[in-house]
Amino acid sequence: MAACSFRRTIASQLSKVLDLPPENLIKSISAVPVSKNRHVADFQLSIASVTEGSSSDCLAQDLNLQAQKLAERTVLQQVLKDGSEYGVKSELFSTVPRQKAVIEFSSPNIAKKFHIGHLRSTIVGNFIANLKVALGHEVIRINYLGDWGMQFGLLAVGFQRFGNKDKLKSSPLQHLFEVYVQINKAAEDENTKKLAKDFFRKLEEHDEQPLSLWKQFRDFSIEEYIRIYKRLGVHFDEYSGESFYQEKSQEVLKILEDKGLLQKTEKGTGIVDLSEKKDLSSFSTVMRSDGTSLYITRDLAAAIDRMNKHSWDTMIYVTDKSQSNHFQHLFQILKLMGYDWAERCQHVSFGLVQGMKTRRGEVIFLEDVLNEVRSRMLQNMASAKTTKEIEDPMETAEKVGLAALIVQDFRGLLSSDYQFSWDRALQSRGDTGVFLQYTHARLHSLEQMHGNEQLTDVNVACLQEPSAISVLQHLLRYDEVLYRSSQDLQPKHIVSYLLTLSHLAAVAHKTLPVKGSTPELAQARLRLFQAARSVLANGMKLLGITPVTQM
Ligand code: ARG
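Presented here is a report on the structure given in the accompanying data block. Since this is a predicted model, take the numbers as computed values, not measurements.

Describing the overall build of the protein
- Of regular secondary structure, the protein possesses 20 helices and 14 strands.
- In the protein, once contacts between residues fewer than 6 apart in sequence are set aside, the share between residues at least 24 apart is 74%.
- Only carbon and sulfur atoms are counted for the fraction: they give 50% of the accessible area of the protein, which is about 25300 Å².

And the structure:
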């Protein structure tokens, strides 16, 4: 019987009494969070929202008992049987239609800083994509690069002056950034400005030589991005970018004009009136006075193109909240253009991270952050007494370090700003990614120690201790937590769930020895720890963390 079928069992009984379809009731049944004082499996039936009747109290009590028995008997089997699908198969998701989602995230700008906002976009977007895939949706991951604009004119002039082909090949991101910084200093000079403008104009006219240089900048950069994203466990289905929409944005301007939505200002720029009263109290500029497109025009073209290409059901953009206005305008214009699907576009925004510095200073390259967290973690591991002989300490340090970054970032609401701290993130005790990894590694080695054989006919009824029951109860709630995160796209529900799971598992580990117990009890306890580790690993992977098996 499925762990999640408690809900079904309870719902179908309730449905008879209340004369309502069980589907309507499933979501009203929730497992009460574990509290230290209560050690019985408890199900809260928030049926008040469905009905108000005196019989429901009795009924609820009855169902509680039943739920308790079911919980203790079946959750472990279910977790171990479903493996990575535990929780996502829950009835809670049975009424959610499978969809195709385009998720656009990371989206750095070539030759510019990869700042902490891009890192946040990367891990948040990756989390949303992982979660959607786990829940059975089809996901297209798009990286929309800042790969067009005047900066490329300047960059090309800079490259001719300070560039080096070998460096471009060996470390494109760093080299292009350096060239860009250098040429920016020189750009005061009128001649440089003119050269840059000329180059960019030729680029827009698709002149072969400028285009081929630009393409090298882009291709080499992408190659390096792919390598670095790989360290983060992130991949993209498409490397798109603003450059793709140079021409298509001219078509957008044409449509806007044909629909009577494009107005010309005195200065000759093109704007779209977004105000309700059509008094220009709110508007968006979509065209420069020379007829060229802007950031938002290219985004309009990109949105339409993605719809044509992918016929998606939902499209999500992940950036910091400073771009909220931009996306609101984007969706409003699409709506005015008559695209009803604009309502299915969503901007997932997040707050600012303050004070992240690496040894090199302010964050400029993603790779610096990854190297920094890895080396700090290596140091911590070397000084910790508990650290065993590890096969590949660098790789372990990287995975644990990333877990630390991700958990620190995902602990609060995405929209809140937070102060970054290496020390806080990397604490081995307390609510950190290091603690999650540590718990996972410990549970894993417990399994290893006692053999990994398929246990059959385990008598889970002998798991009667409060610390065991707490873990069982907590395992039962996993689907609810996934459901919550899938609704508001906030990773914090999963993070705090996993932290609690780890704390409960630590207590259980301390109080429920496997060694020295009767075979029956030992087997049941092993099962319990196995199930806890399995759910912990599943949840960590959703967050974008690779669980380690030793540390
Ligand atoms: N490249 C932009 C930046 O770094 C982010 C792009 C966000 N996505 C978009 N479709 N506008 O700010």
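On we go from here.
What about the site of the ligand?
- Every residue near the ligand is listed here: Glu104, Ser107, Asn109, His118, Tyr144, Tyr295, Asp299, Tyr317, Thr319, Gln323, His326 and Phe327.
- Separating a nitrogen atom of the ligand from a side-chain N or O atom of glutamate 104 is a distance of 2.7 Å.
- At 2.6 Å, a side-chain N or O of tyrosine 295 approaches a nitrogen atom of the ligand.
- Isolated, the ligand exposes 350 Å² of accessible area, and the fraction of that covered by the protein chains is 90%.
- Residue assignment for the shell around the ligand shows that the elements contributing at least two residues are helix 11 (295–310), strand 9 (314–320) and helix 12 (324–336).
- Per-class residue counts for the shell around the ligand are four nonpolar, six polar and two charged.

Describing the pairing of strand 10 (residues 345–350)
- Alignment of strand 9 against strand 10, held across six bridges, turns out to be parallel. Among the inter-strand pairings, threonine 319 is bridged to a residue of strand 10, identified as serine 349.
- Following the chain from strand 9 across helix 12 to the adjacent parallel strand 10, one finds a crossover that is right-handed.

Quick notes on the sheet that holds strand 7 (residues 270–273)
- An order of 6-7-8 is seen for the three strands of this open sheet, with the pairing classed as antiparallel. The sheet is open, and its two edges are formed by strand 6 (262–264) and strand 8 (283–287), each paired on a single side. Sheet twist, expressed as the average angle between the axes of neighbouring strands with direction ignored, equals 40°.
- Sheet topology note: the strand 6/strand 7 ladder contains three bridges and is antiparallel. Bridging from a neighbouring strand, glutamine 263 pairs with isoleucine 271 of strand 7.

With respect to the packing of helix 5 (residues 150–162) against helix 9 (residues 208–232)
- Where helix 5 meets helix 9, the closest approach of the two axes is 11 Å, and the angle between their N-to-C directions is 95°. Of the possible angle classes, the one that applies to helix 5 and helix 9 is roughly perpendicular. Counting all contacts with helix 5, which are made through Phe152, Leu155, Ala156 and Phe159, the residues of helix 9 involved are Leu213, Trp214 and Phe217.
- Grouping the constituent residues of the contact of helix 5 with helix 9 by class yields seven nonpolar, no polar and no charged.

Comments concerning the pattern of salt bridges
- Summed over all chains, the structure comprises 27 salt bridges.
- A salt bridge links lysine 321 to aspartate 417, with the nearest nitrogen and oxygen atoms 3.1 Å apart. On the criterion of sequence distance, the pair formed by lysine 321 in the loop between strand 9 and helix 12 and aspartate 417 in the loop between helix 14 (393–410) and strand 14 (418–419) is long-range, its members being 96 residues apart.
- Judged by its relative accessible area of 36%, aspartate 417 is partly exposed.
- Connected through shared salt-bridge partners, Glu224, Arg227, Arg231, Glu367, Arg374 and Glu398 make up one network.

Regarding the pairing of strand 3 (residues 100–104)
- With respect to burial, strand 3 is a largely interior element, five of its five residues being buried.
- Every second residue of strand 3 is oriented toward a common face, with Lys100, Val102 and Glu104 on one face and Ala101 and Ile103 on the other, all of them buried.
- On the question of chirality, the crossover connecting strand 3 to the parallel strand 4 (residues 138–145) by way of helix 4 (residues 116–134) is right-handed.
- Summarising the sheet, strand 3 and strand 9 pair through four bridges and their orientation is parallel. Paired with alanine 101 across the two strands is threonine 314, which belongs to strand 9.

Let's talk about the side chain of glutamate 398
- Looking at where glutamate 398 falls in the secondary structure, it is placed in helix 14.
- Taking the relative accessible area as the measure of exposure, glutamate 398 reaches 10% and is therefore buried.
- Contact partners of glutamate 398, with chain neighbours within four places excluded, come to Arg231, Leu370 and Arg374.

The rules behind these values
- Residues numbered from 1 in each chain as written.
- Predicted model: local features only at pLDDT ≥ 70, side-chain atom pairs only at ≥ 80, totals over all residues.
- Heavy atoms only, no water.
- Helix = DSSP H or I, 4+ residues; strand = E, 2+ residues; numbered from the N terminus.
- Contact = heavy atoms within 4.5 Å.
- Areas by Shrake-Rupley, 256 points an atom, 1.4 Å probe, with all protein chains shown as cover.
- Near = heavy atom within 4 Å.
- Polar contact = N/O pair within 3.5 Å; in protein donor to acceptor, adjacent residues only side chain to side chain.
- Nonpolar A, V, L, I, M, F, W, Y, C, P; charged D, E, K, R; others polar.
- Pairing = 2+ DSSP bridges.
- Right-handed = clockwise from strand over helix to strand, strands pointing away.
- Axes fitted to C-alpha atoms, helices over the stretch in contact; angles between N-to-C directions.
- Parallel < 35°, antiparallel > 145°, perpendicular 65-115°, else oblique.
- Salt bridge = Lys/Arg side-chain N within 4 Å of Asp/Glu carboxyl O.
- Buried < 20%, exposed > 50% of the residue type's maximum accessible area, 1.4 Å probe, protein only.

By themselves, these figures tell us nothing about what the structure is for.
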